[in-house]
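# What the coordinates show
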Amino acid sequence: MPLPDALMCVVAGTVHGRDERGRLYRRTLMRYAGLSAVLILRSVSTAVFKRFPTVDHVVEAGFMTREERKKFENLNSSYNKYWVPCVWFSNLAAQARREGRIRDNSALKLLLEELNVFRGKCGMLFHYDWISVPLVYTQVVTIAVYSYFLACLIGRQFLDPAQGYEGHNLDLCVPIFTLLQFFFYAGWLKVAEQLINPFGEDDDDFETNFLIDRNFQVSMLAVDEMYDDLAMLEKDLYWDATEARAPYTAATAFLLQQPSFQGSTFDITLAKEDMQFQRLDGADGPLGEAHGDFLQRLLPVGAGMAAGGLLGRRLSLMRRKNSCVSETSTAASCACAGAPDGAAPECGCGDPLLDPGLREPEPELPVGPEMPVPGAAPEPFTTVPMPAPRGPAPPWLPSPIGEEEESLA
């Protein structure tokens, strides 16, 4: 149903002016929205059509002026024109923006977005009246119910007891199951009939005339009498409370004892062995060692891998970073850390990664053609062996991996 509640709040907050023209803008905008709802409801509801059988009745009711009626009827269109007041609404909002009643384009955008939502609901009513529930549904339900109970009326009767048929004695009883079937199937048929036209005059249909009166009254109150009408700002009752909670009556005090909902998995408990992380490769050892091994398996090894030694050192540093203690604890456990300067020329408990004997052997670089020197032409078909791989890097050389690994080394 096209309710104007959201639209009237936006109009009251974006269209400014306490003078008569500002009031005229706000009331006219909401009147156009109500007019659009009246036009679409009188097209789909018999109760509203009986209340406003012609456009003259809409004018006399105050939803449309005589000048607006002339413009409405002069529009040459054979289709339903319930959307015309929405176009008037858009044009009037643009004029209010040019006059400064709407102070920025963001407010105008918000106003037109709410209008589009309202107009979309009016269009939904028109489409539902045009193509409602598939007709075959109501036809099947009606035929099934009537044919079934016609068969029950004939098939569930007793044969003539005067004929004396064996096994067909007259037994008077209350047909409980037949009555239940009648109630269920007749209710099913009633639902199908209501789905055809929910905007009729039955007791179960929408109270469309009541909605028109309610929407028109509250929309005018919101944009006119309630515009810029604020109560004096005061501190609330829970101003100094760290945990604000409204009081409960004696009938609802038991709700305080109920715990708040934390989620459907909040109370699930797992066994201790089920909460241990497992390595995917199935190997034993700490979980942190799996990352370096996995990367090492992914690295290609073979000829043409000139940076193999550098990658090997990176993997060694990554494994040490995940499995060893921090640099601070290592320095504190070193026996040479507290010695004065010059007393310990060489530290026997240094970093094993910097010991050349404990380093991983670096693969030898393949022998290939020497890179040409700019400005000098090399001899044809001459190969020069590549220099031998360089030795281990000294500890003061910055690591190419990054600052974190450099401090680790």
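Note that the structure is predicted; figures quoted are calculated from it, not measured.

### Brief notes about helix α1 (residues 5-14)
Listed in full, the buried residues belonging to α1 are Leu7, Met8, Val10, Val11 and Thr14. Buried residues of α1 fall within an arc of 160° about the axis and therefore sit on the same side. Contacts from the buried residues of α1 go to α2 (20-44), α6 (84-98), α7 (105-130) and α10 (208-225).

### Section: the nonpolar core
Counting 45 residues, the largest nonpolar core has Leu7, Val11, Phe89, Ile102 and Leu111 as its most contacted members. Taken together, the elements giving at least two residues each to this core come down to α1, α2, α4 (55-60), α6, α7 and α10. Among the elements that line this core, the one with the most residues is α2, at 12 residues. Apart from residues no more than four positions distant in its own chain, leucine 7 is found in contact with Met30, Ala33, Phe89, Leu111, Glu114, Leu115 and Phe118.

### Quick notes on the environment of glutamate 99
Residue placement: glutamate 99 occurs in the loop between α6 and α7. Among the polar contacts made by the side chain of glutamate 99, one reaches the side chain of tyrosine 25 at a distance of 3.0 Å.

### Points about the packing of α1 against α7
When two helices pack together, their arrangement is given by the angle between the helix axes and the distance between those axes. One way to put it is that α1 packs onto α7 with a least axis distance of 9 Å and a crossing angle of 160°. Between α1 and α7, the crossing angle belongs to the class labelled roughly antiparallel. Regarding α1 and α7, the two cross each other, and that crossing is left-handed. Across the interface between the two elements, Ala6, Leu7, Val10, Val11 and Thr14 from α1 touch Ala107, Leu110, Leu111, Glu114, Leu115 and Phe118 from α7.

### Considering the packing of aromatic side chains
This structure, assessed with the given rule, holds 10 aromatic pairs. Aromatic side chains tyrosine 148 and phenylalanine 149 sit 5.4 Å apart centroid to centroid with 80° between the ring planes, which places their arrangement in the edge-to-face category. Of the residues examined, tyrosine 148 reaches a relative accessible area of 28% and is grouped as partly exposed. The positively charged end of arginine 26 is found above the aromatic ring belonging to tyrosine 227, 3.6 Å away from the centroid. Between the NZ or CZ atom of lysine 81 and the centre of the ring of phenylalanine 72, over which it lies, the distance is 4.7 Å.

### A few points about unusual backbone geometry
Among all residues save glycine, negative phi is the norm, and among peptide bonds the norm is trans. Of note, aspartate 228 is a non-glycine position whose phi angle comes to about 55°, a positive value. With respect to the helices, strands and loops of the structure, aspartate 228 is situated in the loop between α10 and α11 (290-298).

### Looking at the side chain of arginine 26
You can see arginine 26 is positioned in helix α2. Buried within the structure, arginine 26 lacks any salt-bridge partner; aspartate 224 is the closest side chain of opposite charge, at an N-O distance of 5.3 Å. Sequence-distant contacts of arginine 26, defined by excluding residues within four places in its chain, comprise Val11, Val15, His16, Gly17, Val223 and Tyr227.

### A few points about the pattern of salt bridges
Tallying each qualifying case throughout the model produces 12 salt bridges. For arginine 214, the salt bridge is made with aspartate 5, and the minimal N-O distance between the two is 2.9 Å. Here arginine 214, found in helix α10, pairs with aspartate 5, found in helix α1; they are 209 residues apart in sequence, far enough to count as distant. Taken together, the shared-partner salt bridges in this structure form one network comprising Arg23, Arg27 and Asp224.

### Let's talk about α10
For α10, with 18 residues, the first-to-last C-alpha span of 25 Å sits near the 26 Å given by 1.5 Å per residue. Buried residues of α10: Thr208, Leu211, Ile212, Asn215, Ser219, Met220, Ala222, Val223 and Asp224, and no others.

### Considering the side chain of threonine 208
Relative to the assigned elements, threonine 208 resides in helix α10. Only 3.1 Å separates the side chain of threonine 208 from the side chain of serine 45, close enough to count as a polar contact. Contacts of threonine 208, omitting those with residues within four sequence positions, involve Leu41, Ser45, Ala47, Val48 and Phe199.

Parameters and conventions
Residue indices begin from 1 for each chain and proceed along its sequence in written order. With pLDDT at 70 or above as the cut-off, local features in this predicted model cover only qualifying residues; side-chain atom pairs require 80 or more to be listed or tallied, and sums for whole chains, interfaces and linings still use all residues. As a rule here, side-chain values cover all heavy atoms of the structure and leave hydrogens and water aside. Partly exposed describes any residue whose relative accessible area lies between the buried limit of under 20% and the exposed limit of over 50%, with all areas from a 1.4 Å probe on protein chains only and scaled to the type maximum. Secondary structure follows DSSP: runs of H or I at least 4 residues long count as helices, runs of E at least 2 residues long count as strands, and numbering of each begins at the N terminus. This arc is taken over the directions from the axis of the helix to the C-beta atoms. Should any heavy atoms of two residues lie within 4.5 Å, those residues are counted as being in contact. Among buried residues, those of type Ala, Val, Leu, Ile, Met, Phe, Trp, Tyr and Cys that are joined through side-chain atoms within 4.5 Å constitute a nonpolar core. Contacts described as polar in this section are N or O atom pairs within 3.5 Å, which, within protein, must combine one atom able to donate a hydrogen with one able to accept it, while residues neighboring in sequence count only if both atoms come from side chains. In this description, a line fitted to the C-alpha atoms serves as the axis of each element, helices being fitted only across the stretch in contact, and the angle between N-to-C directions of two axes falls anywhere from 0 to 180 degrees. Throughout this description, any angle smaller than 35 degrees is read as roughly parallel, any larger than 145 degrees as roughly antiparallel, any in the 65 to 115 degree range as roughly perpendicular, and the remainder as oblique. Two helices crossing with the near one rotated counterclockwise from the far one by less than a right angle form a left-handed crossing, whereas a clockwise rotation gives a right-handed crossing. Aromatic contacts are taken between Phe, Tyr and Trp rings whose centres are within 6.5 Å, Trp giving its six-membered ring; a plane angle under 30 degrees counts as stacked, one over 60 as edge-to-face, and the others as tilted. Note on criteria: charge over ring means Lys NZ or Arg CZ within 6 Å of the ring centre, with the direction from the centre no more than 35 degrees off the ring normal. Under the convention used here, Asp and Glu are negative, Lys and Arg are positive, and both His and the chain ends fall outside the count. Any carboxyl oxygen of Asp or Glu that lies within 4 Å of a side-chain nitrogen of Lys or Arg is treated as forming a salt bridge with it. One fewer than the residue count of a helix, multiplied by 1.5 Å, yields its expected span.

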